There are 2 protein chains.
Amino acid sequence: MGTTQLETVPEPKYWHLKTVLSEALDSEFSVGEILPNERDLAARFGVARATLRQALEQLELEGRLQRRRGVGTTVAPPRMGVAVGTEQHSWPGTAGDAWQPADCTAAVPPAGIAGLLGTDTDTQVHTVRRSRVNDGQPVAAELLYVPETSVPGLTAPDAPSGAARARAVLRELQRLELEGQDRAVELGSARVEDARELDRLPGAPVLVVTTRFFAGGRTAAVSVATYRADTCRLTFGDPDGVVIHHGAGAPSLDTSPEPVT
Amino acid sequence: MGTTQLETVPEPKYWHLKTVLSEALDSEFSVGEILPNERDLAARFGVARATLRQALEQLELEGRLQRRRGVGTTVAPPRMGVAVGTEQHSWPGTAGDAWQPADCTAAVPPAGIAGLLGTDTDTQVHTVRRSRVNDGQPVAAELLYVPETSVPGLTAPDAPSGAARARAVLRELQRLELEGQDRAVELGSARVEDARELDRLPGAPVLVVTTRFFAGGRTAAVSVATYRADTCRLTFGDPDGVVIHHGAGAPSLDTSPEPVT
DNA sequence: AAGTGGTCTAGACCACATG
DNA sequence: ATGTGGTCTAGACCACTTA
């Protein structure tokens, strides 16, 4: 065998493809530009469409591309920084906290949430749906679970339904003294309802931020916020932009205007 | 048409499969148990292997499964909570901060990092590699970028190479007064080197935590830490466990012992 | 109606871990 | 040597958007 064969471990095609495309995106395309369709791209690189799609999926996961069925694949803008830590030590619903209450129902929370709240697994709690919009684009959907004992002013099922009731629950929360809170971030996939609200397909990758609010010596409320992982970079502390980290190890500066309040 | 046709939008097969498997995992399997192989599973459900794999991929993304080439697919334990916010306002390298210095070289950082540090795009900086292990399992790999001006005690290229030099850089950092820091979390995919260290395949989903350290009125160091997204839940604030959020919307309590620190 | 990305199939071969 | 998951192919059809 006279061939050189330097590659002891040949790189998978889709990985190499991803690298090539990534460099092309940096040099030959600008934000918002549409790429050739998948069939053409696959033919151009001499691979099957499934292989090309594997590369595109990774690039989308890293926030480099945006794909929309029936439309095409476009070059995504840099991820926007969304402040998560600045409202520290304040209740949800405080004036100008970037969230917009959408709805409120009484429902039995998932078992895990009930455990955090210390309620029975068959006890209904106020369930407030809120959504967060940045730059005119939906970036997060939230479910806020508030036991009825946390907002005694509303125990009777008299409250109006929908957005009005949501605002009422948030208003009652403000009356409590917030003693502390607690956050966790993990990767998840969008449930059907969240996906619709985030303008993504079900199963799309999301960053799930779970926050516990403490008052009166116990957990007074739990928030589960799902952020679009492709377009969002969660910032804690100073709301200044930080860095964009491309998976390939070539971060670039984020110069977006950071329009968060 | 006399058929019922209630499903206006038929659910994709892989999505339904994922739901079925998820319920099976909750009821019929225990942590660590190995599943039947992909070919058998696909046959059992009457789908192509690629379709089954699409469902398994999602479940792995959500931390429910662990797949290892040549071995098989096993039921993953609940995600472990790794504290990210507790060492707030302390330099990296402080005693018992869960990180283990591995190496240090002088290298030109990626353009984005250079921008954050305010160095020229062709200036070398100390680049410290550290790794973090929880429960005997690698959970994160970090690159810490320290401009030579931040640690003037080491400007000469006399320092020993490798781990010793890494410790020296960290030690010098402690001498500065930390004025603040700044964090951002985003989704990324593991670079080849990180993947090897995290015992994952390249491209595996990771949570990238970028931290800026401020001292002397400027950015004195930048840390880019990549955490395994499948096994880790990043906790901020109190190091107590929070919640596990299964993508399907059925969170369950995390009862793991939280061995942080 | 045409064009896009999303889903699905039925194969094949490869890299890796284990016995 | 065997069995596992990982990669890849060449097609097909579907759901969605836009014109």
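This text follows the structure it describes.
Now for a look at the structure at hand.

The rules behind each value
Residues numbered from 1 in each chain as written. Chains lettered and ligands numbered in written order. Predicted model: local features only at pLDDT ≥ 70, side-chain atom pairs only at ≥ 80, totals over all residues. Heavy atoms only, no water. Pairing = 2+ DSSP bridges. Helix = DSSP H or I, 4+ residues; strand = E, 2+ residues; numbered from the N terminus. Axes fitted to C-alpha atoms, helices over the stretch in contact; angles between N-to-C directions. Contact = heavy atoms within 4.5 Å. Core = buried A, V, L, I, M, F, W, Y, C linked by side-chain atoms within 4.5 Å. Buried < 20%, exposed > 50% of the residue type's maximum accessible area, 1.4 Å probe, protein only. Near = heavy atom within 4 Å. Polar contact = N/O pair within 3.5 Å; in protein donor to acceptor, adjacent residues only side chain to side chain. Parallel < 35°, antiparallel > 145°, perpendicular 65-115°, else oblique. Nonpolar A, V, L, I, M, F, W, Y, C, P; charged D, E, K, R; others polar. Phe/Tyr/Trp six-rings, centres within 6.5 Å; stacked < 30°, edge-to-face > 60°. Lys NZ or Arg CZ within 6 Å of the ring centre and 35° of its normal. Arc of directions from axis to C-beta. Salt bridge = Lys/Arg side-chain N within 4 Å of Asp/Glu carboxyl O. Expected span 1.5 Å × (residues − 1).

1. Quick look at the sheet that holds strand β4 (residues 99-107) of chain A
Each strand in a sheet pairs with another by means of backbone hydrogen bonds, the pair being arranged parallel or else antiparallel. Spatially, eight strands are ordered β4(A)-β5(A)-β6(A)-β9(A)-β8(A)-β7(A)-β10(B)-β3(B) in an open sheet, and the strand pairing comes out mixed. Pairing within the sheet leaves two strands with one partner each, and these edge strands are β4 of chain A together with β3 (80-83) of chain B. Averaged over all pairs of adjacent strands, the angle between their axes in this sheet comes to 25 degrees, without regard to strand direction. Inspection of the sheet shows β4(A) paired to strand β5 (residues 125-134) of chain A by eight bridges, in the antiparallel sense. Looking across to β5(A), one finds that Ala106(A) is bridged to His126(A). Helix-sheet contacts for helix α5 (residues 163-174) of chain A involve β4, β5 and β6 (137-146) of chain A, and the interaxial angle to β4(A) is about 95 degrees.

2. Digging into the nonpolar core
Val185(A), Tyr227(A), Leu234(A), Val185(B), Tyr227(B) and Leu234(B) are the most contacted members of the largest nonpolar core, which has 34 residues in total. With residues up to four places along the chain from it excluded, the contact list for Tyr227(A) reads Val82(A), Val84(A), Trp99(A), Arg132(A), Val139(A), Ala140(A), Pro205(A), Val206(A), Leu207(A), Val209(A) and Leu234(A).

3. Points about the pairing of strand β10 (residues 232-237) of chain A
Burial analysis of β10(A) places five of its six residues in the buried class, which makes it a mostly covered element. In terms of strand pairing, strand β3 (residues 80-83) of chain A meets β10(A) through four bridges, oriented parallel. The residue bridging Met80(A) from the neighbouring strand is Cys232(A), located in β10(A). Pairing analysis gives four bridges linking β10(A) to strand β7 (residues 180-189) of chain B, with the strands arranged antiparallel. Of the residues in β7(B), the one forming a bridge with Gly237(A) is Asp182(B).

4. Looking at the protein's contact with DNA strand D
The immediate surroundings of DNA strand D are formed by 27 residues, with Lys13(A), Thr51(A), Asn37(B), Arg49(B) and Arg53(B) found nearest. Those atoms of DNA strand D that come within 4 Å of the protein belong to sugar or phosphate at a rate of 69%. Within the side chain of Tyr14(A), an N or O atom sits 2.9 Å from a phosphate oxygen of DNA strand D. Take Ala48(A): an N or O atom from its main chain is 2.8 Å from a phosphate oxygen of DNA strand D. Those elements giving two or more residues to the surface near DNA strand D turn out to be α1 (13-28) and α3 (49-61) of chain A together with α2 (38-45), α3 (49-61), β1 (65-68) and β2 (72-75) of chain B.

5. Structural notes on the packing of α2(B) against α3(B)
Residues and elements named next belong to chain B. At a minimum axis separation of 9 Å, α2 and α3 run at an interaxial angle of 105 degrees. Classed by the angle they form, the pair α2 and α3 counts as roughly perpendicular. Seen from α2, the contacting residues are Glu38, Arg39, Leu41 and Ala42; seen from α3, they are Arg49, Leu52, Arg53 and Leu56. Class assignment for the residues of the contact of α2 with α3 results in four nonpolar, no polar and four charged.

6. Some remarks on the packing of aromatic side chains
All names here are of chain A. In the structure shown here, the tally under the stated rule is five aromatic pairs over all chains. Look at Trp91 and Phe213: their rings are 5.7 Å apart centre to centre, the planes differ by 25 degrees, and that puts the pair in the stacked class. Placement of Trp91 in the loop between β3 and β4 and of Phe213 in strand β8 (residues 205-215) is noted, with a sequence separation of 122 residues between them. Of the two residues, Trp91 and Phe213, both sit in the buried class. For Lys18, the ring lying beneath its charged end belongs to Trp15, and the centroid distance is 4.3 Å.

7. A closer look at the sheet that holds strand β5 (residues 125-134) of chain B
The strand order β3(A)-β10(A)-β7(B)-β8(B)-β9(B)-β6(B)-β5(B)-β4(B) describes an open sheet built from eight strands, whose pairing is mixed. Only two strands of the sheet have a single partner each, and these edge strands are β3 of chain A together with β4 (99-107) of chain B. Averaged over all neighbouring strand pairs, the angle between strand axes comes to 25 degrees, with direction disregarded.

8. Digging into unusual backbone geometry
Residue and element names in this part refer to chain A. You will see that Asp199, though not glycine, has its phi angle at about 65 degrees, which is positive. Counting through the fold element by element, Asp199 comes out in the loop between α6 (192-198) and β8. Using a relative accessible area of 57% as the deciding quantity, one classes Asp199 as exposed.

9. Quick look at helix α2 (residues 38-45) of chain A
Residue and element names in this part refer to chain A. Looking at α2, one finds that the buried residues are Glu38, Leu41 and Ala42. The arc that holds every buried residue of α2, seen down its axis, measures 100 degrees, which confines them to one face. Summarising the geometry of α2, the exposed residues directed more than 90 degrees from the buried face are Arg39, Ala43 and Arg44. Tucked inside the fold, the buried residues of α2 contact α3 and β1 (65-68). Two or three places before Arg39, at the opening of α2, Asn37 has a side-chain oxygen 2.9 Å from that residue's backbone nitrogen. Two residues or fewer after α2 comes Gly46, characterised by a positive phi angle close to 70 degrees.

10. Let's talk about the protein's contact with DNA strand C
Neighbouring residues of DNA strand C: 27 residues in total, closest Arg49(A), Arg53(A), Lys13(B), Ala48(B) and Thr51(B). Taken together, the sugar and phosphate atoms account for 69% of what DNA strand C places within 4 Å of the protein. The separation between a phosphate oxygen of DNA strand C and a polar side-chain atom of Tyr14(B) is 2.9 Å. Of all the elements in the fold, those that place two or more residues in the surface near DNA strand C are α2, α3, β1 and β2 (72-75) of chain A together with α1 (13-28) and α3 of chain B. It is α3(B) that provides the largest number of residues to the surface near DNA strand C, a total of four residues. Looking at side-chain class alone, the surface near DNA strand C contains nine nonpolar, seven polar and 11 charged residues.

11. Focus on the pattern of salt bridges
Scanning the entire structure with this criterion turns up 42 salt bridges over all chains. For the salt bridge of Glu57(B) with Arg67(B), the shortest nitrogen-to-oxygen distance reads 3.9 Å. You can see Glu57(B) sitting in helix α3 and its partner Arg67(B) sitting in strand β1, a full 10 residues away along the chain. Relative accessible area serves as the criterion here: at 37%, Glu57(B) is assigned to the partly exposed category. Judged by relative accessible area, which is 14%, Arg67(B) ranks as buried. Linked by salt bridges that have partners in common, Glu38(A), Arg49(A), Arg53(A), Glu57(A), Glu60(A), Arg67(A), Arg200(A), Arg228(A) and Asp230(A) make up one network.

12. Considerations on α5(A)
All names here are of chain A. Taking 1.5 Å of rise per residue, the 12 residues of α5 would be expected to cover 16 Å, and the 17 Å separating its terminal C-alpha atoms lies within 8% of that figure. Taken together, the buried positions of α5 are occupied by Arg165, Ala166, Ala168, Val169, Leu170, Glu172 and Leu173. Packed against the buried residues of α5 are β4, β5 and β6.

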